[in-house]
Amino acid sequence: MSVIQFPKDFVWGVATSAYQIEGAAFEDGRGPSIWDTFSHTPGNIIDDENGDVACDSYHRLDEDIALLKELGVNSYRFSVSWPRVIPDGTGKVNKKGLQYYENLVDQLLEHGIEPMCTLYHWDLPQKLEEKGGWDNRDTIDAFVEYANVMFERLNGKVKRWITLNEPWCASFLSHYIGEHAPGNQDLQLAVNVAHHLLMAHGKTVQAFRELAVEGEIGYAPNVTWLEPYSRKSEDMEACRRGNGWFIEWFMDPVFKGEYPAFLTNWFADKGITIPLKDGDLEVISQPVDFLGINYYNGNLARHKANSGLFDVENIDAGYDKTDFDWFIYPDGFYSVLLYVKKRYGNIPVYITENGACYDDVVENGRVRDEQRIAYIKKHLIALNRCLESGVNIKGYHVWSLLDNFEWAYGYTKRFGIVHVDFQTLKRIPKDSYYWYQKLIRNNWFTI
Ligand SMILES: N=NNCCOCCOc1ccc(-c2cn(C[C@@H]3NC[C@@H](O)[C@H]3O)nn2)cc1
């Protein structure tokens, strides 16, 4: 038997996001976001579902705080709905919206739970989308205006701030692949959006420093890890491009002040350019206090001409899969974290999302989600290997506290450690909740 131990000040948390759990989509002055528009457009979401009610967390704050308190986490990562705070994206502030988030933060602090506040978890106000959305450089300043409203209201209460969640999803998945809101399929548009998101990040970090906001600020890219099928240079270069789409594309500008040439050249060959202006990279590369990492899966992959955007194809390595149809690949978690440390230095890292989707069932009031427990254990073992290799990981957040609206998959994909019956909204802690509760209490687990 082995004991997997964690540093005494290691941060244990769970994560959610506004559109996925709050509901109350048309209440108390909240304005529409691109996800309200996208989810209400038939054909975009499985079962034509939407986030109008979701987990109804907007009305169940006390209940969800009690779940967090009982779980024993010392960190809760949530996101703010921009259009709940500034319904039109810029200008008038919705007092009720701001008050909701201050109540949330006050209750967390009352129970000794550190709030980790994500400012952008994809719910761009629809009014800004109608003016060009993230393709319009003006949206950068609109985001900074919104961020300043949140900094001024919650300064001293929120000490960990995240500018952007998964900019790859908010740009390429949303504007090139088209699976997420607003659902475009235009590569140049996606590159423009990615650049303006990074600009919004950089200018928001500048504003954070100018306002002398207490605490630390970072952002949370999502990463994957493609392992080359062979040591042939074509396979290794193909995997580097596939990994770079998530890693270098969103981290080189921040940590190196430049885009990765091996990818800008690849895009240039396709006639794709970056809408770079003088000074942009200086803005984007404002020093951050930490890097958030969202990791779920990896793949074995190899070069295949004319396959996808980067001539790379995934191979079925025979690994087990979650019900999201993703391979369970904890070695990829280790590899990507070591790679990030090697390329960017030993910046403080929070794992801001890691978790597994399984089609859980409730039997006699209990959810025996052993597979989710096994997934989390495997990834925490890999995380512990990283700690032993000197990677500066400060904490870990399970995605997610609650089963919730999983974007294009609606309510068909359950990532929660708490089961939600979407007819009754009843919450039932799963076995994984109790396993995580014990881990947090002990700060170790056995294998
Ligand atoms: N890898 N190659 N892709 C090329 C082709 O991609 C097609 C689809 O791609 C992706 C990639 C990533 C995701 C994803 C989902 N979550 C889970 C959410 N995280 C934030 C939180 O809101 C959770 O709900 N994290 N990541 C989905 C789809």
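If you check an unreviewed UniProt entry, the protein appears there as Beta-glucosidase from Melghiribacillus thermohalophilus. Listed in UniProt under the heading Sequence similarities (unreviewed entry), the comment for the protein reads: "Belongs to the glycosyl hydrolase 1 family."

1. Considerations on the overall build of the protein
Summing up its helical and strand segments, the protein has 16 helices and 14 strands in all. C-alpha extents for the protein along the principal axes are approximately 60 × 55 × 45 Å. Scored against the burial criterion, the 447 residues of the protein give a buried share of 61%. Sequence-distant contacts, at least 24 apart, represent 77% of the contacts inside the protein between residues at least 6 apart. Here the protein displays about 16,800 Å² of accessible surface, and carbon together with sulfur accounts for 47% of that area. Averaging the positions of the 45 positive and the 63 negative side-chain charges in the protein gives two centres separated by 4 Å.

2. Things to note about the UniProt feature "active site" (unreviewed entry) in the protein
The UniProt record marks Glu-166 and Glu-353 with the feature "active site" (unreviewed entry), using the residue numbering of this structure. Despite a sequence span of 188 residues, these residues sit close together in the fold, their greatest C-alpha distance being 10.1 Å. Relative to the elements of secondary structure, Glu-166 occurs in the loop between β5 (160-165) and α8 (167-175). Judged by its relative accessible area of 6%, Glu-166 falls in the buried class. Look past the residues within four positions of Glu-166 in its chain and what remains in contact with it is Trp-122, Ala-220, Pro-221, Asn-222, Asn-294, Tyr-296 and Glu-353. Tracing the backbone shows Glu-353 in strand β10 (residues 349-354). Judged by relative accessible area, Glu-353 falls into the buried class, the value being 4%. With near-sequence residues (within four places) excluded, Glu-353 lies in contact with Ala-15, Arg-77, His-121, Asn-165, Glu-166, Ile-293, Asn-294, Tyr-295, Tyr-296, His-397 and Trp-399. A polar contact of 3.1 Å, which involves the side chain of Glu-353, links it to the side chain of Arg-77.

3. Remarks on the packing of helix α7 (residues 138-154) against helix α9 (residues 187-210)
It is at 9 Å that the axes of α7 and α9 come closest, and there the two elements cross at 35°. Judged by the twist between their axes, the crossing of α7 over α9 is right-handed. For the pair α7 and α9, contact is made by Ile-140, Asp-141, Phe-143, Val-144, Ala-147, Asn-148 and Phe-151 and by His-196, Met-199, Ala-200, Lys-203, Thr-204, Ala-207 and Phe-208, respectively. Of the residues contributing to the contact of α7 with α9, the split by class is nine nonpolar, three polar and two charged.

4. Some points on the pairing of β5
Regular strands place side chains that alternate from one sheet face to the opposite one. Burial analysis of β5 places six of its six residues in the buried class, the great majority of the element. The pairing of strand β4 (residues 114-120) with β5 spans four bridges and is classified as parallel. For Thr-118, the partnering residue across the bridge sits in β5 and is Ile-162. Bridge analysis of β5 against strand β6 (residues 216-220) gives four bridges, and the strand direction is parallel. Residue pairing in the sheet places Ile-162 in a bridge with Gly-218 of β6.

5. Points about the pattern of salt bridges
Under the defined criterion, the tally for this structure stands at 29 salt bridges. One salt bridge connects Arg-153 with Glu-102, and the closest N-O pair in it is separated by 2.7 Å. Of the two residues, Arg-153 is situated in helix α7 and Glu-102 in helix α5 (residues 95-110); the sequence distance between them amounts to 51 residues. Since its relative accessible area comes to 28%, Arg-153 is described here as partly exposed. Owing to a relative accessible area of 12%, Glu-102 belongs among the buried residues under this scheme. Here the salt bridges do not stand alone but share partners, grouping Asp-360, Asp-369, Arg-372, Asp-403, Arg-414 and Lys-430 into one network.

Cut-offs and rules
- Per chain, residues are indexed from 1 in the order of the written sequence.
- Only residues with pLDDT of 70 or above have their local features reported here, since the model is predicted, and side-chain atom pairs are shown and tallied only from 80 upward, although totals for entire chains, interfaces and linings are computed over all residues.
- Side-chain calculation: all heavy atoms of the structure are included, whereas hydrogens and water are not.
- UniProt positions are given in the numbering used here, feature names are shortened, and annotations may be inferred rather than shown by experiment.
- To qualify as a helix, a DSSP run of H or I must reach at least 4 residues; to qualify as a strand, a run of E must reach at least 2; elements of each kind are numbered from the N terminus.
- A simple rule labels every residue: compare its accessible area, found with a 1.4 Å probe on the protein chains alone, to the largest value its type can have, and call it buried under 20%, exposed over 50%, or partly exposed in between.
- Working rule for contacts: check all heavy atoms of both residues, and any pair within 4.5 Å makes them a contact.
- Only the protein chains shown count as cover for residues, and all accessible areas are computed by the Shrake-Rupley method using a 1.4 Å probe.
- Charge counting follows a simple rule: Lys and Arg are positive, Asp and Glu are negative, and His as well as the terminal groups are ignored.
- The atom standing in for a charge is NZ when the residue is Lys, CZ when it is Arg, CG when it is Asp and CD when it is Glu.
- Under the rule applied, a polar contact is a pair of N or O atoms within 3.5 Å (in protein, one hydrogen donor and one hydrogen acceptor; residues adjacent in sequence only if both atoms are side-chain atoms).
- Every angle, taken between N-to-C directions, lies between 0 and 180 degrees, and every axis is a line fitted to C-alpha atoms, over only the stretch in contact when it is a helix.
- For any pair of crossing helices, the crossing counts as left-handed if the nearer helix is rotated counterclockwise from the farther one by less than a right angle, and right-handed if it is rotated clockwise.
- For this classification, Asp, Glu, Lys and Arg are treated as charged, while Ala, Val, Leu, Ile, Met, Phe, Trp, Tyr, Cys and Pro are nonpolar and the rest, including Gly, are polar.
- For two strands to pair, DSSP has to find at least two bridges joining them.
- We count a salt bridge whenever a side-chain nitrogen from Lys or Arg sits within 4 Å of a carboxyl oxygen from Asp or Glu.

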